[in-house]
Structure formats: structure tokens, C-alpha cells
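# Commentary on secondary and tertiary structure
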Amino acid sequence: MAAPPEPVLAAPLVDPMLPRVGRVRARRRDAPLVFTLEIEPAEGSLPPFAPGQFNMLTVFGVGEVPISLSGDPARPGRLIHTVRAVGPVSTALSRLDRGDPVGLRGPFGTGWPVEQAAGSDVVVVAGGLGLAPLRPALYQLLAPRRRYGRIALLYGTRSPADILFAREIDAWRRRKDIEVHVTVDHATGDWPHQVGVVTSLISRARFDPARTTALVCGPEVMMRFAIGTLQGAGVASTQIYLSLERNMKCAIGLCGHCQMGAAFICRDGPVFRHDRVRDMLALREI
Ligand SMILES: Cc1cc2nc3c(=O)[nH]c(=O)nc-3n(C[C@H](O)[C@H](O)[C@H](O)COP(=O)(O)OP(=O)(O)OC[C@H]3O[C@@H](n4cnc5c(N)ncnc54)[C@H](O)[C@@H]3O)c2cc1C
Ligand code: FES
């Protein structure tokens, strides 16, 4: 008698709503209420990510929130997230310690146009925690450095104590191939650099506006002023990219929580070209 046919097993579908379990490998305090977590997956390897993408992180029993990847895309085995404790889930995340479990879904969303910017000058404008989603882009810009023209990092925080990744910023300052300007709203101690809003740094940076790509991330009001100043300096709206944040639930374009006009921030963003969201941003200001 012929052997019964082997059952055909469908390839297992990976449910994008199902978190994988990881564990905190390290935790570091970066600034008041801001912590950077390094997470390792409990099983399997991690998918690669693009600068600007985010993961949904779960603290079991508390909740799930979107958090940007802030590590080096060239080292996808090191999953780095920088979290500010603002509410229940982010506070619980920031309190996780070495060995604690954390749920992971992602990476989701669009990334910074690092590849497309090859050959142009790049101006990175970051406000506060906005440096975290931009750090992976900086790693990529600086790795094959010769692919870009001038690169400038313009970073503003409330005070010197709020500066993220301070040691790395100092190392970038010492390089000759990136121009770094940092400003604070309120200087303390012997702060030797600028005081004032981050937009005031745009006139200090050297770049050719006609061939510049600008990456902007920070509080929405800061981004509005930065974009206005960049445009005033001659950078076209089509060359300016920004990252938007909204409350999220599914992160895969199903629930509508993150909808802004016709766009879903989780699926069509969080990184958008300015001319494509300009009208929606203007409407929100009314
Ligand atoms: C794509 C994306 C990337 C993000 N990346 C990071 C990151 O790298 N690091 C980080 O610390 N946070 C990041 N956030 C914000 C983070 O998701 C929220 O701070 C978090 O969801 C707050 O949840 P909670 O339960 O701790 O506080 P909640 O109780 O939900 O909120 C506390 C306070 O924060 C405000 N808030 C909540 N979510 C947002 C939001 N998305 N945007 C603006 N204000 C908000 C609320 O209005 C409230 O005032 C990101 C958000 C998005 C959408
Ligand atoms: S979070 Fe559900 S549609 Fe974006």
C-alpha cells in the first residue's frame, strides 16, 4: 500500500502583533529621566533596521509603546533604545534592569533618507530626545564618510545636564569631517558653548542650501521653527525630512490611532518629507 502523502505544512506566519521576548542586557542613565536600554532577543536573531525606524516595546503587565531605535544599524545584534520616562509604560521601561524581560515587535516605519542623501551636504537638527532617532542616521553618515559633502549636527537641549550621548558628541566634535554645534536654553556651571534655541545654530553651520538634505527631529514646535529657518536659508521643502510622533496601538496601519489626515504615522512615517505633510501640519496649528 502506498504511503500516505506527507502533510504539507504551511510556512509559519509571523504575527506582527505578537511580541518576541527579549531581555535587558544593559541599562545606562543618559540624562534626568532618560535611560538607554540594550536588549537582546531571547530567541532567534534580530531583523535589520533602518535609521529612523521604531520598535513596539512591551513591559509585561503594564503596556506597549513605540520607541525609536537609537543604536548603530551596522550592529543589528545590539538593540538599543533610549527612553524618557513620561508616563506609566515609559517609566516602567526605564526602570527595567539587567535580565528583565521585555516584549519586542518591529522594526516598523519609514527611515531617514541616508542613502538618497549621498553626494549632498547633510544638516541634522535635533532637539532634546530627538537626537535618539537621529543617532542611527549619524552612524551611517559617518561610516562611509566620503559619500557625503559637509555634515553638520545642530543639537539643542534645555540644560547641559540634558545632553544625550555626551561622550559621543565630544568625540564627534574632535573629528574634522563633521561640524557639531550644541546649544542649551539655560547654561549652568562653566558651559562653554552656545546658549539659545537650536534654530540659532542653523546660520552657524556651513552647507550649500541648493544641495543639502536636512533631517529634523524634536518637539513639534521646535521642528516647525527649524524647518522655517532652514527654508529661509534656502533649503527646499522637498529636501527637509522630519519625524512625527503620535499615540500608537497596532503599529501596522490597522487601528487608526496614529492617523494624521490621510496618513498613518506608523505605516507612512514616522519619517516624512516636509512637503508631503506641510498642509496637515499647518492644519494642526489652527
Ligand atoms: C514613532 C515614535 C517613536 C518614539 N520614539 C521614542 C523614543 O525613542 N524614546 C522615547 O522616550 N519616546 C519615544 N516615543 C514616545 C513614546 O512612545 C511615548 O513617550 C510613550 O508612548 C508614552 O507612554 P506612557 O505610557 O509612558 O505615557 P502616557 O501616559 O501615554 O503619556 C504621558 C505623556 O506623554 C504624552 N505622549 C504620549 N505619547 C506621546 C507621543 N507619541 N508623542 C508625544 N507625546 C506623547 C502624553 O500626551 C502624556 O502627556 C516615540 C513615539 C513614536 C510615535
Ligand atoms: S498605530 Fe494603528 S494604525 Fe498606526
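The following refers to the structure shown. Keep in mind the model is a prediction, meaning the values are calculated, not measured.

The subject of this paragraph is the overall build of the protein chain. Scanning the protein chain for helices and strands turns up six helices and 15 strands. Computed over the C-alpha atoms, the radius of gyration of the protein chain is 20 Å, within 12% of the 19 Å expected from 2.2 N^0.38 for a compact globule of 286 residues. Its C-alpha atoms put the protein chain at 85 × 45 × 40 Å along the principal axes. Residue burial in the protein chain is summarised as follows: out of 286 residues, 49% are buried. Across the protein chain, contacts joining residues at least 24 apart in sequence account for 69% of those joining residues at least 6 apart. As displayed, the protein chain offers around 14,200 Å² of accessible surface, 55% of which is attributable to carbon and sulfur atoms. Across the protein chain, the 34 positively charged side chains and the 26 negatively charged ones have centroids separated by 3 Å.

Between helix 2 (residues 131-142) and helix 3 (residues 166-174), the shortest axis-to-axis distance is 13 Å and the interhelical angle comes to 35 degrees. Like other packed secondary-structure pairs, helix 2 and helix 3 cross with a definite hand, here left-handed. Contact with helix 2, carried on its side by L131, R135, L138, Y139 and L142, involves E168, I169 and W172 of helix 3 and no other residues of that element. In terms of residue class, the contact of helix 2 with helix 3 is made up of six nonpolar, no polar and two charged.

With respect to the helices and strands, the residue R105 is situated in strand 6 (residues 101-108). A polar side-chain atom of R105 sits 2.8 Å from a polar atom in the side chain of E64. At 3.3 Å, the side chain of R105 forms a polar contact with the backbone oxygen of K249. In contact with R105, other than residues within four places in its own chain, are P16, M17, L18, P19, N55, M56, E64, K249, C250 and A251.

Another point: the sheet that holds strand 5 (residues 79-84). One open sheet accounts for six strands, arranged 4-3-6-1-2-5; its pairing is antiparallel. Both edges of this open sheet fall to strand 4 (63-68) and strand 5, since each of them pairs with a single strand only. Going across the sheet, the axis of each strand differs from the next one's by a mean of 40 degrees, ignoring polarity. Here strand 2 (residues 34-41) pairs with strand 5 via six bridges, running antiparallel. Residue pairing across strands places V34 opposite R84, the latter belonging to strand 5.

Basis of the calculations
- Residues numbered from 1 in each chain as written.
- Chains lettered and ligands numbered in written order.
- Predicted model: local features only at pLDDT ≥ 70, side-chain atom pairs only at ≥ 80, totals over all residues.
- Heavy atoms only, no water.
- Helix = DSSP H or I, 4+ residues; strand = E, 2+ residues; numbered from the N terminus.
- Rg over C-alpha atoms; globule rule 2.2 N^0.38 Å.
- Buried < 20%, exposed > 50% of the residue type's maximum accessible area, 1.4 Å probe, protein only.
- Contact = heavy atoms within 4.5 Å.
- Areas by Shrake-Rupley, 256 points an atom, 1.4 Å probe, with all protein chains shown as cover.
- Lys, Arg positive; Asp, Glu negative; His and termini not counted.
- Charge placed at Lys NZ, Arg CZ, Asp CG, Glu CD.
- Axes fitted to C-alpha atoms, helices over the stretch in contact; angles between N-to-C directions.
- Left-handed = near helix turned anticlockwise from the far one by under 90°.
- Nonpolar A, V, L, I, M, F, W, Y, C, P; charged D, E, K, R; others polar.
- Polar contact = N/O pair within 3.5 Å; in protein donor to acceptor, adjacent residues only side chain to side chain.
- Pairing = 2+ DSSP bridges.

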